[in-house]
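A closer look at the structure
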Amino acid sequence: FVGNDKAVKKLQVAAYHALGHPNHMMRDLSFSIFGPASAGKTTLARIYGEAVRLPFIEISPKGVKALDDVFDFIDGVLSRAGIGLVDLDEGEHVLPPCVLFFDEVHALSDGIIQGLLKATEFGDAIMQTESGRILDTYAATWMVATTDEGKLFDAFRTRFNPIHLQYLGKKDVAKIVG
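This report concerns the structure included in the present document. Within each chain, residues carry numbers counting from 1 in the order of the written sequence. Local features in a predicted model are, by the rule used here, given only for residues with pLDDT of at least 70; side-chain atom pairs are given and counted only at 80 or more, and totals for whole chains, interfaces and linings are based on all residues. Side-chain metrics rest on all non-hydrogen atoms present in the structure, leaving aside hydrogens and water.

**A look at the overall build of the chain**
By definition, any uninterrupted DSSP run of H or I lasting at least four residues is a helix, any uninterrupted run of E lasting at least two residues is a strand, and each is numbered from the N terminus. What the chain contains, in helices and strands, is 6 helices and 9 strands. Taking 178 residues into account, the globule formula puts the C-alpha radius of gyration at 16 Å, and the chain, at 16 Å, falls close to it. Principal axes of the C-alpha set define a box for the chain whose edges measure 55 × 35 × 30 Å. Contacts are residue-level and defined by heavy atoms, with any inter-residue pair within 4.5 Å sufficient. By sequence separation, contacts in the chain at least 24 residues apart represent 72% of the contacts at least 6 residues apart. With an accessible surface of roughly 9,300 Å², the chain has 54% of that area assigned to carbon and sulfur atoms. As used throughout, the charge tally considers Lys and Arg to be positive and Asp and Glu to be negative, leaving His and the chain termini uncounted. By convention, the charge on Lys lies at NZ, on Arg at CZ, on Asp at CG and on Glu at CD. Taking the average place of the 18 positive charges on the side chains of the chain and the average place of its 23 negative ones, the gap between the two points comes to 12 Å. We compute the radius of gyration from the C-alpha atoms alone; for a globule the expected value is 2.2 Å times N to the 0.38, where N is the number of residues. Only the protein chains shown count as cover for residues, and the accessible areas themselves come from Shrake-Rupley with a 1.4 Å probe.

**So, the pairing of strand β8 (residues 140-146)**
Each residue's exposure class comes from its accessible area (1.4 Å probe, protein chains only) as a fraction of the maximum for that residue type: buried when under 20%, exposed when over 50%, partly exposed otherwise. Within β8, 7 of the 7 residues are buried, which leaves it mostly tucked inside the rest of the structure. Burial along β8 is two-sided: the residues Ala140, Trp142, Val144 and Thr146 and Thr141, Met143 and Ala145 are all buried. Bridging between strand β5 (residues 98-102) and β8 involves 5 bridges; their strand directions are parallel. Paired with Phe101 across the two strands is Met143, which belongs to β8. By definition, two strands form a pair when at least two bridges between them are found by DSSP.

**Section: the environment of Asp28**
Its place among the elements puts Asp28 in the loop between α1 (5-19) and β1 (31-34). Asp28 gets classed as partly exposed once you look at its relative accessible area, which sits at 49%.

**Re the packing of aromatic side chains**
The geometry of an aromatic ring pair is captured by two quantities: the separation of the ring centres and the angle between the planes. Each pair of aromatic rings taken from Phe, Tyr and Trp, with Trp reduced to its six-membered ring, is defined by centres within 6.5 Å and is described as stacked if the planes are under 30 degrees apart, edge-to-face if over 60, and tilted in the remaining cases. Going through the model one piece at a time under the given rule, you end up with 3 aromatic pairs. When the ring of Phe102 is compared with that of Trp142, the centres are 5.9 Å apart and the planes differ by 15 degrees; the resulting orientation is stacked. Here Phe102 is found in strand β5, whereas its partner Trp142 is found in strand β8, with 40 residues between them in sequence.

**Some details on the sheet that holds strand β7 (residues 134-136)**
Overall, mixed pairing links the 4 strands, which are arranged β3-β4-β7-β6 in an open sheet. Looking at the sheet topology across the chains shown, the edges are occupied by β3 (86-87) and β6 (126-128). What counts as an axis is a line fitted to C-alpha atoms, over the stretch in contact for a helix, and the angles between N-to-C directions run from 0 to 180 degrees. Its contacts with the sheet place helix α3 (residues 67-80) against β4 (92-94), β6 and β7, and it is angled at close to 120 degrees to β6.

**A closer look at the sheet that holds strand β2 (residues 56-59)**
Read across the open sheet, the 5 strands follow the order β2-β5-β8-β1-β9; overall the sheet is parallel. Each edge of the sheet is formed by a strand with only one pairing partner; in this case those strands are β2 and β9 (161-164). Going across the sheet, the axis of each strand differs from the next one's by a mean of 20 degrees, ignoring polarity. In this sheet, β5 lies alongside β2 in parallel orientation, the contact comprising 4 bridges. Each residue of the ladder has a partner; that of Ile57, found in β5, is Leu100. The strands that α1 touches are β1, β8 and β9; relative to β9, the one it contacts most, it runs at about 140 degrees.

This is the structure we're talking about:
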């Protein structure tokens, strides 16, 4: 990843910390990535997921209309990876260590945002869907991205450690081309 050295350094430190744990879990910090379109927000999040060797689950607001859709999407990605959710009781599941990335988080519906508040709360970490399914998100590393920091829901602002990206300067562009 070229450029945005402060952002890269912040995620390098987090990755180093995560790799120090046997399961690579990094729930201590959640990240919000802000920056203009095509500044590398999604790419940086993916690189972090690869660095910590955890399943990376990218959720787009266009693909989910309810928390049940979020649950099904997460379950599908993990199942295809050969991991799957850990089933407890009927309707109760535990998320294995993974990186949950919500791109353009400001475009999520209010219902999904409200459901994610408990899930992203450090002491709670529970997502309950409209159909009553419960997902323990304790082991998740949360990442969200948006092009407009002002559109981020206020309660999320306190839950996520901000990372700001900018367009690359001429030196960084030359480095990429070179």
